[in-house]
Amino acid sequence: MKFQLLGPVEVWCGAESLPLGPSKQRALLVALLLDRGHVVPMERLLEVLWDGEPPNSAVSNIRTYASRLRGAIIDGWRRPRVHGRPPGYLIEVDDDELDTAVFANLAGAGYAALADGKPDRAATYFRDALDLWHGAAGEDVPRSRCLDRRLSALDEQRLAVVEEWINARQQTHGDPDLIADLRRLTESHPLRERLWGHLVLALYRVGDVGAALTAFQRARTVLIEDLGVEPGPDLVQLHQAVLARDPALGGPVAQLRAERRPAVAPRALVTTVTTWTPRELPVTAPTLIGRDREVASVVATVAARCGEDAVPAGKPAGMPTVVAIHGPSGAGASAVAIRAATELIPVFPDGQLYADLRAAGAAQVLGWFLRALGTPAGQVPSDVEEAAARFRSASADRRLLILLDNAADEAQVRPLLSATSGSAVIVTSARKLAALDATAHVKVAPLSDDDAIRLLATISGTAISAASKHSLQTLVELCGGLPLALRIVAARLASAPDVPLDRLAAELIAERRRSRALSCGDLRISYRSAA
């Protein structure tokens, strides 16, 4: 069988194209293929297929789509490939059956050949990888925000391989189609500085200095008009070398990566990878009431195991500290984790990484982390196991704090663990991840009535009086003591300070009867979570 995501979504059994059904059914297939071999939880499938609040029939619809896919995608031995596995579904596909996996393997072979000084062989591998593409990734399925992030990452990998393909051809010299291909690519992707750099260099090498300088000016104009920025240092360095007729430009091209910086004088055209310390934690909530005990527990556990006195000098070894925070949706587990992580920043000098696991699978998150730690985009594996191994290597000599927010299950977390005892991972989830080998589990329960009323009053600016306390108590009960629901109500109170509290309570009761959600601006909570 052949499964194709690099363009229109198709499945072939021999010479037969299998019927995949309507657009949302195809989107479900894409979601399963992007995490092939792993169970994709129902909660994540709901986010893949629907932006915002899914319809009441959403779970039933997914079960219908999965059943139809199971009946349609059957191999030559009459075996179905789609299976229901709690808490969701998975699809069984071998690496050589899925074009994204074949693409990753060919691209990896190209990178290896380029590193071995074999640009001709590398160019062949890269070309074969790019020949698998027939359009944008999953171009015929509707892209929810969640699915768009995953498919856009594939499109970005394609462009990275295009740039490496051009780089390999540049090093072979004498490619008659190189300049024509570069002109087409810079028109299609005018904000890719590396492609402009290759065009400038290719034109210079055939003796057309004027065209090379014109190409640089065109790149500069596009960047200023579209992004409001000047060209980066690599492109500027190349421009200066062209003006100086630097003889080094006649040799194999230097690695013209946007993420690199000159290591010596510009005339040498030598570059090196820039290292930096990632600081990715979200902004901590300004008001956190009733969570001192939970925050202190997380901080104490991590500091005791990862502080300077706890980690021997030299390279850390062993497993990281893992603290798992759980509580019902809207209870504020994320706020507790972010506050604790922020307090722990001094303990982790090599940086802090963050990922919201509702929005991405393990492969995409590993790509984010590897790039944050300095791995060039084109060298990030698409295979989860390979990327996880690369991440463990990249983090092995670092003391990192990793915050994994909104995990669906233990399997989603395991590939994202670093490999050292000097690092720590804080995980949040709606349920207790009992099967995760965690150092500590911290439960975040709904707020007490007193803390909930204090949170409402603090955020909304409402004075607590004897007359208002009963109405505030009613609002607290409607919110189930969940901080997110309370913040939404407080925002509504602040936006309409003249509305009596009992009137707002009556409005919320009426809304609850009509719908399943409470919202204000970009804050939203399901009533079924608050119940």
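Just above sits the structure.
Just so you know, these numbers come straight off a predicted model, no measurement behind them.

Brief notes about the overall build of the chain
Within the chain one finds 20 helices and 15 strands. Going through the 531 residues of the chain one by one, you find that 51% of them count as buried. If you take every contact in the chain between residues at least 6 apart in sequence, the share linking residues at least 24 apart comes to 67%. On the chain, roughly 23,400 Å² of surface is accessible, and the fraction owed to carbon and sulfur atoms is 52%.

Observations concerning the pairing of strand E5 (residues 82-85)
Pairing of E5 with strand E6 (residues 88-91), which is carried by four bridges, proceeds in the antiparallel orientation. Looking at E6, one finds that histidine 83 is bridged to leucine 90. In this antiparallel pair of consecutive strands, E5 and E6, the connection spans two residues.

Observations concerning the side chain of glutamine 25
Summarising the element assignment, glutamine 25 is placed in helix H1 (residues 23-34). Beyond its immediate chain neighbours, meaning those up to four positions away, glutamine 25 contacts Leu20, Tyr65, Arg68 and Leu69.

Quick look at the sheet that holds strand E11 (residues 401-407)
Taken together, five strands build an open sheet; the order of strands is E10-E11-E12-E9-E13 and the sheet is parallel. Where the open sheet ends on each side, the last strands, each with one partner, are strand E10 (352-356) and strand E13 (440-443). Averaged over all pairs of adjacent strands, the angle between strand axes in this sheet comes to 15°, irrespective of strand direction. Examined bridge by bridge, strand E9 (residues 321-326) and strand E12 (residues 424-429) share six bridges and lie parallel to one another. Bridge pairing in E12 links alanine 324 to valine 427. Each of E9, E12 and E13 is contacted by helix H11 (residues 292-306), which is oriented at about 170° to E9, the strand it contacts most.

A word on helix H9 (residues 209-227)
Counted at 1.5 Å a residue, the expected span for H9 with its 19 residues is 27 Å, and the 27 Å between its end C-alpha atoms agrees. Within H9, burial applies to Val209, Ala211, Ala212, Ala215, Phe216, Ala219, Val222 and Leu223. Against helix H7 (178-188), helix H8 (193-205) and helix H10 (233-243) lie the buried residues of H9. At the C-terminal side of H9, glycine 228 shows a positive phi close to 75°.

Digging into the sheet that holds strand E4 (residues 40-41)
Pairing is antiparallel in the open sheet, where three strands are placed in the order E4-E6-E5. In this open sheet, the two edge strands, each paired with only one partner strand, are E4 and E5. Sheet strands in contact with helix H3 (residues 58-72) are E5 and E6, and its direction is about 140° off that of E5.

Describing the nonpolar core
Membership of the largest hydrophobic core comes to 80 residues, with the highest contact counts inside it found for Phe3, Leu28, Leu29 and Ile62. If you tally residues by element for this core, the top one is helix H6 (residues 145-172), at ten residues. Excluding anything up to four places from it in sequence, phenylalanine 3 contacts Glu10, Val11, Leu33, Ile73, Arg81, Ile91, Val93, Glu97, Leu98 and Asp99. Within the second largest apolar cluster, 46 residues are counted, among which are Ala337, Ala340, Val444 and Leu478.

Some words on unusual backbone geometry
Most of the time, phi is negative for any residue but glycine, and the peptide bond is trans. Put simply, proline 86 and proline 87 share a cis peptide bond, and its omega is 10°. Turning to its location among the elements, proline 87 is positioned in the loop between E5 and E6. You will see that arginine 245, though not glycine, has its phi angle at about 50°, which is positive. Within the secondary structure, arginine 245 is located in the loop between H10 and strand E7 (260-262). Overall, arginine 245 belongs to the exposed group, its relative accessible area being 53%. Not every positive phi belongs to a glycine, and asparagine 406 is a case in point at roughly 60°. If you trace the backbone, asparagine 406 turns up in strand E11.

Parameters at a glance
Residues numbered from 1 in each chain as written. Predicted model: local features only at pLDDT ≥ 70, side-chain atom pairs only at ≥ 80, totals over all residues. Heavy atoms only, no water. Helix = DSSP H or I, 4+ residues; strand = E, 2+ residues; numbered from the N terminus. Buried < 20%, exposed > 50% of the residue type's maximum accessible area, 1.4 Å probe, protein only. Contact = heavy atoms within 4.5 Å. Areas by Shrake-Rupley, 256 points an atom, 1.4 Å probe, with all protein chains shown as cover. Pairing = 2+ DSSP bridges. Axes fitted to C-alpha atoms, helices over the stretch in contact; angles between N-to-C directions. Expected span 1.5 Å × (residues − 1). Core = buried A, V, L, I, M, F, W, Y, C linked by side-chain atoms within 4.5 Å.

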